[in-house]
Amino acid sequence: MAAIPQLSQPSPTQISKMTTYIKKVAESPGLTSVPSSYAFTPSPNDQAVSDEDPEDSIPIIDFSLLTSGTPDQRSQVIQGLGQACKDWGFFKLINHGVPESLTEAMIEGIREFFNLTDEEKREFEGKNFLDPITCGTSVNTSMEKVFYWRDYLKVFVHPEFHFPNKPAGFSELSLEYCKRARGVAWELLKAISESLGLEPFYIEKVMNLDKGLQMFYANFYPPCPQPELAMGLPPHSDHGILSLVTHNGIGGFQLQHNGMWVNVNAIPNSFLVNVADQLEILSNGRYKSILHQAVVNKKVTRISLVMTNGPSLNKIVNPAPELVNNGIDQPAYHGITYKEYLQHRQSNSLPGKGNLDRIRI
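Just so it is clear, the model here is predicted, and its values are computed rather than measured.

### Quick word on the layout of surface pockets
(1) Moving on: As a volume, the second largest pocket reaches approximately 410 Å³.
(2) Moving on: Surrounding the second largest pocket, 24 residues form its lining, Thr246, His247, Gly249, Ala266 and Ile267 being those nearest its centre.
(3) Moving on: Mapped onto the lining of the second largest pocket, the elements with two or more residues apiece are helix H5 (100-114), strand E8 (242-247) and strand E11 (271-275).
(4) Moving on: Here the lining of the second largest pocket gets 4 residues from one element, more than from any other, and that element is H5.
(5) Moving on: Considering only residue class, the lining of the second largest pocket consists of 10 nonpolar, 11 polar and 3 charged.

In structure tokens form, the structure reads like this:
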């Protein structure tokens, strides 16, 4: 097997340069064009964009049938869940039990956080990517030549709960939301385990989910005067096991399917759930993480909230032996600790799924 390249990390001094938040840029008086440091040159190789096709749309999974349906209903949902993970890498989750009022309060709390003064937000910038609370802009400004039209708040909320102490009440609200979202994710992972032919608690056990890293990502995309020249987030896959996404009802989420970018139409009070990189590794590529991106618009602010559920940091993630020891399949990925995977992702600006590609066998 080829050796995995050694990691390099940006220094804390690179990471901690004074941040100019995109919210402040977007609110500049008389702004009519995108500043050059945020302008991307369109490529002739850019893929076409389409809306969801009613005949071939993102699968919908009814969570209530997993938790309180009949055995036949649960079995059918597990089969549909496996097919969704295989064909799309995404699905829309309805009847998940997280109160709509709680989700709406979270979106409002995120809005209030980004309405804090720059000085207040800088209290939470952090100096290292493993700091439990990090507020910033773009993706990785220490390495980027062109910045993304996005401010963010990233927080480690499990196994220990951290959170900013501003605005008032936001931390308490988020603690409740994170617990509920984690419960949904763990229940889904039981069903996904079964869809792979494994026992229900397989993923929970092998990924050490009781000590697993749950991360809270709040994204803030203000109006952009030339949205065709800017990007909210570049094409990427998520680094964890499974991600749950919700937003404030404004479109802008695109996923890759059959060689095209598909505009996702959200169902009210639903989660958009996606397979992430560690699940692709564990399933030995049966379920693949899918590239997705965020685009911006000219008129209104888009807010999204992503809950990423991952293994414990020191867990070495390998393809499940039960999926490769059948005399047919071979392991498709090197084992790697989740912490090392995150370090490499932070310290290298590899496009798309480059971080996952580097550990393919």
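Having seen the structure, we can now continue with the description.
### Section: the packing of aromatic side chains
(1) Moving on: This structure, assessed with the given rule, holds 11 aromatic pairs.
(2) Moving on: When the centroid spacing of 5.8 Å and the interplanar angle of 65° are considered together, the rings of Tyr38 and Phe147 count as edge-to-face. On the criterion of sequence distance, the pair formed by Tyr38 in the loop between helix H2 (22-26) and strand E1 (49-51) and Phe147 in the loop between strand E4 (133-137) and strand E5 (151-158) is long-range, its members being 109 residues apart.
(3) Moving on: Given a relative accessible area of 22%, Phe147 falls into the partly exposed group.
(4) Moving on: Their ring planes at 35° and their centres at 5.1 Å tell us that Phe114 and Phe220 sit as a pair that is tilted. Of this pair, Phe114 sits in helix H5 while Phe220 sits in strand E6 (residues 214-221), and the two are 106 residues apart along the sequence.
(5) Moving on: Take Phe220: its relative accessible area is 3%, and that puts it in the buried class.
(6) Moving on: Cluster of aromatic residues (ring-pair linked, three or more members): Phe113, Phe114, Phe124 and Phe220.
(7) Moving on: Taking NZ or CZ as reference, Lys121 lies 4.7 Å from the ring centre of Tyr21, over its face.

### Notes on the environment of Gly197
(1) Moving on: Here Gly197 shows up in the loop between helix H7 (170-195) and helix H8 (202-206).
(2) Moving on: Among the residues examined, Gly197 registers a relative accessible area of 65% and is labelled exposed.
(3) Moving on: C-alpha separation for the pair Gly197 and Asn325, spaced 128 residues apart in sequence, amounts to 13 Å.

### Some points on the sheet that holds E11
(1) Moving on: The mixed open sheet is built from 8 strands, whose spatial order is E2-E3-E11-E8-E13-E6-E5-E4. Across the chains shown, the open sheet's two edge strands, defined by having one partner strand only, are strand E2 (60-62) and E4. Each strand of the sheet is rotated relative to its neighbour by a mean of 25°, with strand direction disregarded.
(2) Moving on: Note that E5 and E6 share 7 bridges and pair antiparallel. For Lys154, the partnering residue across the bridge sits in E6 and is Tyr217.
(3) Moving on: Running at roughly 130° to E8, H7 makes contact with strand E3 (90-94), E5, E6, E8, E11 and strand E13 (302-309) of the sheet.

### Observations concerning the nonpolar core
(1) Moving on: Judged by nonpolar contacts, the single largest core of 66 residues is most densely connected at Leu153, Ile192 and Phe216.
(2) Moving on: Residue contributions to this core peak at 10 residues, all from H7.
(3) Moving on: With 18 residues, the next largest nonpolar core counts Phe90, Met215, Phe253 and Tyr338 among its residues.

### A look at the pattern of salt bridges
(1) Moving on: Within this structure, the stated rule accounts for 17 salt bridges.
(2) Moving on: Here Lys166 ties to Glu123 by a salt bridge, and the two come within 2.9 Å at their closest N and O atoms. Placement of Lys166 in the loop between E5 and H7 and of Glu123 in the loop between helix H6 (118-122) and E4 is noted, with a sequence separation of 43 residues between them.
(3) Moving on: One salt-bridge network, in which partners are shared between bridges, spans Glu280, Lys353, Asp357 and Arg360.

### Some points on the confidence of the model for the protein chain
(1) Moving on: Looking at the protein chain as a whole, the pLDDT averages 92, with 93% of positions reaching at least 70.
(2) Moving on: Of the regions scoring below 50 in pLDDT, residues 1-16 engages in 27 contacts with residues more than four places distant in sequence or in other chains.

Parameters and conventions
Residues numbered from 1 in each chain as written. Predicted model: local features only at pLDDT ≥ 70, side-chain atom pairs only at ≥ 80, totals over all residues. Heavy atoms only, no water. 1 Å grid on protein atoms, 1.4 Å probe; cavity = no way out; pocket = protein on both sides within 12 Å on 5 of 7 lines; lining within 4 Å. Points joined across faces, edges and corners; volume = space filled by probe spheres on them. Helix = DSSP H or I, 4+ residues; strand = E, 2+ residues; numbered from the N terminus. Nonpolar A, V, L, I, M, F, W, Y, C, P; charged D, E, K, R; others polar. Phe/Tyr/Trp six-rings, centres within 6.5 Å; stacked < 30°, edge-to-face > 60°. Buried < 20%, exposed > 50% of the residue type's maximum accessible area, 1.4 Å probe, protein only. Lys NZ or Arg CZ within 6 Å of the ring centre and 35° of its normal. Pairing = 2+ DSSP bridges. Axes fitted to C-alpha atoms, helices over the stretch in contact; angles between N-to-C directions. Contact = heavy atoms within 4.5 Å. Core = buried A, V, L, I, M, F, W, Y, C linked by side-chain atoms within 4.5 Å. Salt bridge = Lys/Arg side-chain N within 4 Å of Asp/Glu carboxyl O. pLDDT = per-residue confidence, 0-100.

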